[in-house]
Amino acid sequence: MKDSDADGAGGGAPEPTSESEERDWVAHAESLEREATLADRIPARNALLLEGARVWEDHAGEPARALRAYERILGVDPVNARALEGAERIMRQEELWEALTELYLQIVSNTEDPKDKAALYLRMAKVYEEDRGNVPDAFLLLRMAFEEDPGNDEAALELERLARRTGKLNELLSTANALLSHTKEPAAKADLLARLGRWYLEVCHPEYADGCLNQALQLRPNHSGALASLAALYRSQSQWQPLGQLLHHMASVATDGEAKTAALVELGELCERQFDDDASASASFRGALEVDPLSRGASAGLGRTAQTVDDWRALAMALHQQSLAGPEPEEAVGIDRALGELCAHKLGEKEAAIEAFQAVLVNAPEDARALRELDPLLTEAARWKELAEIL
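Visitor: Tell me about the overall build of the protein, and please be specific about residues and values.
Guide: Across its full length, the protein carries 21 helices and 0 strands. Considered along the principal axes of its C-alpha atoms, the protein spans approximately 90 × 70 × 35 Å. Looking at the 391 residues of the protein, the share that counts as buried comes to 43%. Contacts spanning at least 24 positions in sequence make up 49% of the contacts within the protein whose residues lie at least 6 apart. When the accessible surface of the protein is split by element, carbon and sulfur atoms take 49% of a total near 20,000 Å². Taking the average place of the 41 positive charges on the side chains of the protein and the average place of its 71 negative ones, the gap between the two points comes to 3 Å.

As structure tokens, then:
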């Protein structure tokens, strides 16, 4: 939907401003409408009508006349966002459901762009579901929106939600398959195949899901939705080797840091638990920490699988950054304790270990593990005053 009114277009009659005289809002709104009638450009006309509608609604207390102004705009500019929002607002407040439906249908009949039509059907579906409690018709409208614009994520997700709620996932699959048969553009076809694959998974048809998802990836090898659904399919069937290869690919092509981190953490856990390969697991966890040093999953995984000094240093750096990020006190205790133990027993960095264990005591003064670790460290460093404070 567009907002086709130029800012400030038309100017309009001066708004009543004097505090010493009664503001004649009705006269002001009527003056704006007369100016709109004389305007020779649609943007200027619309701007005047919008301002008049605002006055009718907010100051003159005449929502019906405001609605007429919005309808005048929509008569010549059916996708004017501000006018449609205003008309919707008044009709919903006044519960003018039939009039609102007729308005939508009139606008749809004057709209050629499939994306605009889909947006209108989405609006209609919301009214039918939320205001009228008419779920079957809301489903039909969402299906119409999806058919007009299969690439509209909101339409697809809302249709999926309502199909799940009403038990119509098979009907959703039929609609998507019908659209697929005459979708030629590769990117649009890949999107539709990826959606179909996910929906087939939900209705327990993994064989159809696999076919759709692999077709999508043939058209777009890095399609994030198809990759995510194929990973779900492999998990559900315990296909660990294909899943590992897929996660490696997902991590390599991810452009979003969060997605890349998630793929690497899962790959690390897969190597650790299914392949008993701590070296590969630690490499994946280290890769995740390079992308996001605050990833708790990656640091926990590296803590379990670290084998080399490089692993331990990478983990220590991540734990230090996590400590600096201001976690909750209970979380901070665990982070600082792990950092202290790592520095003391793996890296031989005793000053850093003392600092970490002292940080533990800030949040947990009676922490037995930190106190036990600090005793010999402070003794060896001859830091008697600090040692006396914890005894």
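We are not done yet, so read on.
Visitor: Outline the nonpolar core, supporting the account with residue identities and numerical values.
Guide: One finds Tyr70, Leu103 and Phe146 to be the most contacted residues of the largest nonpolar core, which totals 113 residues. Tallying contributions element by element places helix α6 (residues 114–131) first for this core, with 8 residues. In this structure, Tyr70 is in contact with Leu50, Ala53, Arg54, Glu57, Arg82, Ala83, Gly86, Ala87, Arg89 and Ile90, ignoring residues within four places of it in sequence.

Visitor: How would you summarise helix α17 (residues 309–324) if you had to cite specific residues and measurements?
Guide: The end-to-end C-alpha distance of α17 is 23 Å, a good match for the 22 Å that 16 residues give at a rise of 1.5 Å each. Considered for burial, the residues of α17 that qualify are Asp311, Trp312, Leu315, Ala316, Ala318, Leu319 and Gln322. Taken from the residues just after α17, Gly326 is the one with a positive phi, measuring 75°.

Visitor: I'd like a rundown of the packing of aromatic side chains, residues and numbers included.
Guide: In the structure shown here, the tally under the stated rule is 2 aromatic pairs. The interplanar angle of 70° and the centroid separation of 5.9 Å between the aromatic rings of Phe146 and Trp199 together place this pair among those described as edge-to-face. Remark: Trp199 occurs in helix α10 (residues 186–202) and Phe146 occurs in helix α7 (residues 135–148); sequence separation between them is 53 residues. For the pair Phe146 and Trp199, a shared accessibility class is recorded, and that class is buried. Sitting over the face of the ring of Tyr128, Arg132 holds its NZ or CZ atom 5.2 Å from the ring centroid.

Visitor: Which residues make up α10, and what values do they have?
Guide: With 17 residues, α10 should cover 24 Å at 1.5 Å per step; its first-to-last C-alpha distance of 24 Å lies within 8% of that length. Within α10, the full set of buried residues consists of Ala190, Leu192, Leu193, Ala194, Arg195, Leu196, Gly197, Trp199 and Tyr200. Looking at the packing, one finds that the buried side of α10 touches α7, α8 (153–166), α9 (169–181), α11 (206–219) and α12 (224–236). Between a side-chain oxygen at the N-terminus of α10 and the backbone nitrogen of Ala187 the separation is 3.2 Å; the capping residue is Glu185. Directly after α10, the chain includes Cys204, whose backbone phi takes a positive value near 65°.

Visitor: Before we move on, could you go through the pattern of salt bridges and cite the residues and values that matter?
Guide: Applying the stated criterion across every chain yields a total of 27 salt bridges. We note a salt bridge from Glu331 to Arg296, for which the minimum N-O separation is 3.2 Å. A residue pair is termed long-range when its members are at least 10 positions apart, and Glu331 in helix α18 (residues 329–347) and Arg296 in helix α16 (residues 296–305) qualify at 35 residues. For Glu331, a relative accessible area of 40% corresponds to the partly exposed category. Three or more residues joined by partner-sharing salt bridges are found here, namely Glu129, Glu158, Arg161 and Arg165.

Visitor: Run through the environment of Glu202, naming residues and quoting values.
Guide: One can find Glu202 in helix α10. The exposure class of Glu202 is partly exposed, given its relative accessible area of 32%. In this structure the C-alpha to C-alpha distance between Glu202 and Arg164, which are 38 residues apart in sequence, comes to 9.4 Å. In contact with Glu202, other than residues within four places in its own chain, are Glu160, Arg164 and Leu169.

Visitor: Could you give me a rundown of the side chain of Ser299, with the residues and numbers involved?
Guide: Here Ser299 is to be found in helix α16. Its relative accessible area of 7% is what places Ser299 among the buried residues. Leave out the neighbours within four places in its chain, and Ser299 touches Leu289, Leu315, Leu319 and Gln322.

Visitor: Give me the lowdown on the confidence of the model for the protein, citing residues and values where you can.
Guide: For the protein, the mean per-residue pLDDT works out to 90, and 94% of the residues sit at or above 70. Every residue in residues 18–22 scores below 50 in pLDDT, and together they form 1 contact with partners more than four places removed in sequence or on other chains.

Visitor: Describe unusual backbone geometry, with residues and values.
Guide: Not every positive phi belongs to a glycine, and Cys204 is a case in point at roughly 65°. For Cys204, the position within the fold is in the loop between α10 and α11. According to the relative accessible area criterion, Cys204 is exposed, its value standing at 62%.

Cut-offs used in this document
Residues numbered from 1 in each chain as written. Predicted model: local features only at pLDDT ≥ 70, side-chain atom pairs only at ≥ 80, totals over all residues. Heavy atoms only, no water. Helix = DSSP H or I, 4+ residues; strand = E, 2+ residues; numbered from the N terminus. Buried < 20%, exposed > 50% of the residue type's maximum accessible area, 1.4 Å probe, protein only. Contact = heavy atoms within 4.5 Å. Areas by Shrake-Rupley, 256 points an atom, 1.4 Å probe, with all protein chains shown as cover. Lys, Arg positive; Asp, Glu negative; His and termini not counted. Charge placed at Lys NZ, Arg CZ, Asp CG, Glu CD. Core = buried A, V, L, I, M, F, W, Y, C linked by side-chain atoms within 4.5 Å. Expected span 1.5 Å × (residues − 1). Phe/Tyr/Trp six-rings, centres within 6.5 Å; stacked < 30°, edge-to-face > 60°. Lys NZ or Arg CZ within 6 Å of the ring centre and 35° of its normal. Polar contact = N/O pair within 3.5 Å; in protein donor to acceptor, adjacent residues only side chain to side chain. Salt bridge = Lys/Arg side-chain N within 4 Å of Asp/Glu carboxyl O. pLDDT = per-residue confidence, 0-100.

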